[in-house]
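Observations on the three-dimensional arrangement
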Amino acid sequence: MAGKIPREFIEDIVARSDIVDVIDSRVRLKKAGRNYQACCPFHNEKTPSFSVSPEKQFYYCFGCGAKGNVITFLMEHDRLEFVEAVEELASLQGLRVPRESSSSYSEPAQNKQQLTAAYGIMQQAANFFSSQLKTHKNRDAVVAYLKGRGLSGEIVKYWGIGYAPDAWDGLMKHFDNSSTNQLLSLKLINENENKRRYDFFRHRIMFPILDRRGRVIAFGGRSIDDNGPKYLNSPETNLFKKSNELYGLYQARKENRQLDRLLVVEGYMDVVALSQFGISYAVAALGTATTNEHIQIMFKATSEVICCYDGDKAGRTAAWRALENALSSLRDGVVMRFLFLPDGEDPDTMVRKEGKENFEKRLDEALPLSQFFFNTMLERHSIASIESKAALKAEAQPLIANIKGENQRQMMMAELSKLCGEADAFKIESDKKKARNVTAQKENKFGKEKVKLSPLRHMIRLLMEDPSIASKFDKIQPRNLQSLEIPGLAFLVEFHDYCYQHPQTTTALLLEVYRDHPYGGHIFKLLEHPSDMIKDIEQEYVDCFKALLKQYLNQRLSELEVIESSTGLTDAQQQELQLLMSKKGAM
Ligand SMILES: [Zn+2]
């Protein structure tokens, strides 16, 4: 049974990986001096402030402060767990992740094995469904149906679309008996009260649903002859939580390195049809309204989300729910808009009728969230009387208060106040706030450079920058200062000694070695003090050490003075005093 991943392996895999390659395969990097640059994948920006250092094997964003090593990047960017990130790096290096034999971690490891097997079964099922388009006796009728829906062979292949046969055991027969329990837990087959088992999807067009890493985690099945529900999705399983998944997101990210926007549509057919017409950024929620999780996932991938709905009442209600779910994720810099299609149309029919260009023109003209918000509010409340204005305010204010972005929130509040006829009163309040904000922002932007680190913290920061300095000076040994009562000194000693013993280590490796250390968070935080604050690394290290030494001398001298005036000094103490005095004089 597999256990914990050995620490040495994790350090080794970080040392072997090149952060530039790993990041560049996800975010295109440009060389800029000794480093590489890109627009930050973790916040929305037009000019690059995301920097990757090949020497330090470390990334840092001057805009949002995102930072870390190659493992941190995979965890944040690909949303992987720590172990998954290590596995991903290992597989890039063609290595198998070793496990310690300790049984304490056996349970998650076993889960992991089961998960791997489960992904394998889902993929086999997808292969089976798609092979049925070629081999099943109904294939002609099914292919004719797909053609009738306007789908090309190429697009069917791209989306891995398949066919679930009209039999009770079409898929079941494809697997041997040892897989039955897994098929049940993956909800690919069902069991009735009489313990009879049967295929969950029958006589349906099958759309594999991929997770963000491109693994099949569920299926959507569309009925061919309108028997049963038109759309049937896999129930939730270990692999599939529908509020966390969007159909088409994996493909949209794959097709567009820089995703300028995402379009949320209702069904898989819409996503597929749009992609056939060259609109490769559509996604669909799976049998649920657009949830807050969906919105968060989308705003991690792009800065503009357009939700597309029917123009009818049901469509407007669904759009309003999406709006409510989105407010707490609306940070400044992201845009959410709403597109309402003419009655009876969906994106599938619309794009076939109008083509890509005209359809995209509709997208460009989609209603901004603020406009949809106030239109809806004004449909619900009149502003003819104080009473109705009060009702409007009572409904709108708490919703606006949920908006995450300070500026968006304030502007929406200002708009509400204007509608309620209290613009002037609000303006004063908001001007005050704005003034406060500007100062806060200024402090943020320049504050970090002004803050001077204490000598001790600066030494740690310098070691992070270039761990080899620890071994460059024989006399600079923080352990000589150990009696100094400064919080963190014991850690500096430990950290210096580690760097001394590992002169080849890098910033990235240090982060890995200290990831779970009680001080790990502190040293990570120190990296927010950018490298360009450091002018002469060796001199600064010496200077900080001297400052600490001076502190030590003063502290010890005053201790000895206290002893001298109370009990008198021993010979040894007398000698020490003289030595310290001469050292202090020499400084
Ligand atoms: Zn950033």
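In every chain, residue numbers begin from 1 and rise along the written sequence. This being a predicted model, a pLDDT of at least 70 is required before a residue's local features are given, and a value of 80 or more before pairs of side-chain atoms are given or counted; all residues contribute to the totals for chains, interfaces and linings. Working from all heavy atoms in the structure, the side-chain values ignore hydrogens and water.

1. Some thoughts on the pattern of salt bridges
Basic side-chain nitrogens of Lys or Arg form a salt bridge, by our definition, when they fall within 4 Å of a carboxyl oxygen of Asp or Glu. Summed over the entire model, instances satisfying the criterion amount to 30 salt bridges. The shortest N-O distance in the salt bridge between Arg 149 and Asp 348 comes to 3.0 Å. Placement of the pair is Arg 149 in the loop between helix H6 (139–148) and helix H7 (153–158) and Asp 348 in helix H14 (residues 347–364), with a sequence separation of 199 residues. Only protein chains enter the accessibility calculation, which uses a 1.4 Å probe. A residue is then buried if its area is under 20% of the maximum for its type, exposed if over 50%, and partly exposed in between. Using a relative accessible area of 22% as the deciding quantity, one classes Arg 149 as partly exposed. Owing to a relative accessible area of 6%, Asp 348 belongs among the buried residues under this scheme. A run of H or I in DSSP becomes a helix once it reaches four residues, and a run of E becomes a strand once it reaches two; helices and strands are each numbered from the N terminus.

2. Digging into the coordination of the zinc ion
Think of the donor list as every N, O and S atom within 2.8 Å of the metal, or within 3.2 Å for Na, K and Ca; water never makes the list, so a site can look incomplete. Summarising the metal site, the zinc ion is bound by the protein donors Cys 40 (SG), His 43 (ND1), Cys 61 (SG) and Cys 64 (SG), whose distances to it range over 2.1 to 2.3 Å. Tetrahedral means four donors with every angle between 85 and 135 degrees, whereas square planar (four donors) and octahedral (six donors) require angles over 155 degrees between opposite donors and between 65 and 115 for all others; sites fitting neither are termed irregular. Around the zinc ion sit four donor atoms, and with donor-metal-donor angles ranging over 102 to 119° the site reads as tetrahedral. Sequence spacing of the donor residues for the zinc ion, all on one chain, is C-x2-H-x17-C-x2-C. Judged by relative accessible area, which is 0%, Cys 61 ranks as buried. A relative accessible area of 37% places Cys 64 in the partly exposed class.

3. Let's talk about the sheet that holds strand S10 (residues 216–223)
The four strands are arranged S6-S9-S10-S11 in an open sheet whose pairing can be described as antiparallel. Of all the strands in the sheet, the pair left with one neighbour each is strand S6 (162–164) and strand S11 (231–233). Averaged over all pairs of adjacent strands, the angle between their axes in this sheet comes to 35°, without regard to strand direction. Between any two strands, at least two bridges found by DSSP are needed for them to pair. Inspection of the sheet shows strand S9 (residues 204–210) paired to S10 by seven bridges, in the antiparallel sense. Residue Phe 207 lies in a different strand from S10, and its bridge partner there is Gly 220. Here, two residues are considered to be in contact whenever any of their heavy atoms come within 4.5 Å of each other. What counts as an axis is a line fitted to C-alpha atoms, over the stretch in contact for a helix, and the angles between N-to-C directions run from 0 to 180 degrees. Strands in contact with H6 are S6, S9 and S10; relative to S9, the strand with the most contacts, it is inclined by about 65°. Helix H11 (residues 268–276) rests against S9, S10 and S11 of the sheet, and its axis sits at about 100° to S11.

4. Notes on the domain arrangement of the protein chain
An automatic or database domain assignment supplies the start and end points of every domain. According to the domain assignment, the protein chain consists of domain 1 (7–92), domain 2 (118–240), domain 3 (246–374), domain 4 (381–449) and domain 5 (455–586). Centre-to-centre, using C-alpha coordinates, domain 1 lies 30 Å away from domain 3. What gets called buried area is simply the loss in accessible area from a 1.4 Å probe that two parts show on being joined, summed for both. Taken over both partners, the interface formed by domain 1 and domain 3 buries close to 710 Å², and the fraction arising from carbon and sulfur atoms is 30%. Considering only the surface of domain 1 that becomes buried against domain 3, Arg 28, Asn 44 and Arg 79 emerge as the three largest contributors, covering 57% of it. Summed over the shared surface of domain 1 and domain 3, the number is zero salt bridges. Here a polar contact means two N or O atoms within 3.5 Å. Within protein one must be a hydrogen donor candidate and the other an acceptor candidate, and residues neighboring in sequence count only if both atoms are side-chain atoms. At the surface where domain 1 touches domain 3, the tally comes to zero residue pairs in polar contact (both at pLDDT 80 or more). Amino acids are sorted into nonpolar (Ala, Val, Leu, Ile, Met, Phe, Trp, Tyr, Cys and Pro), charged (Asp, Glu, Lys and Arg) and polar (every other residue, Gly among them). In the side of domain 1 that touches domain 3, the residues fall into two nonpolar, four polar and five charged.

5. Observations concerning the sheet that holds strand S13 (residues 262–265)
Where strands meet in a sheet, backbone hydrogen bonds hold them as pairs that are either parallel or antiparallel. Pairing is mixed in the open sheet, where six strands are placed in the order S12-S14-S13-S15-S16-S17. Pairing within the sheet leaves two strands with one partner each, and these edge strands are strand S12 (246–247) and strand S17 (367–368). Judged from the three bridges that link them, S13 and strand S14 (residues 282–285) form a sheet pairing that is parallel. Note that in S14 the partner of Val 264 across the bridge is Val 283.

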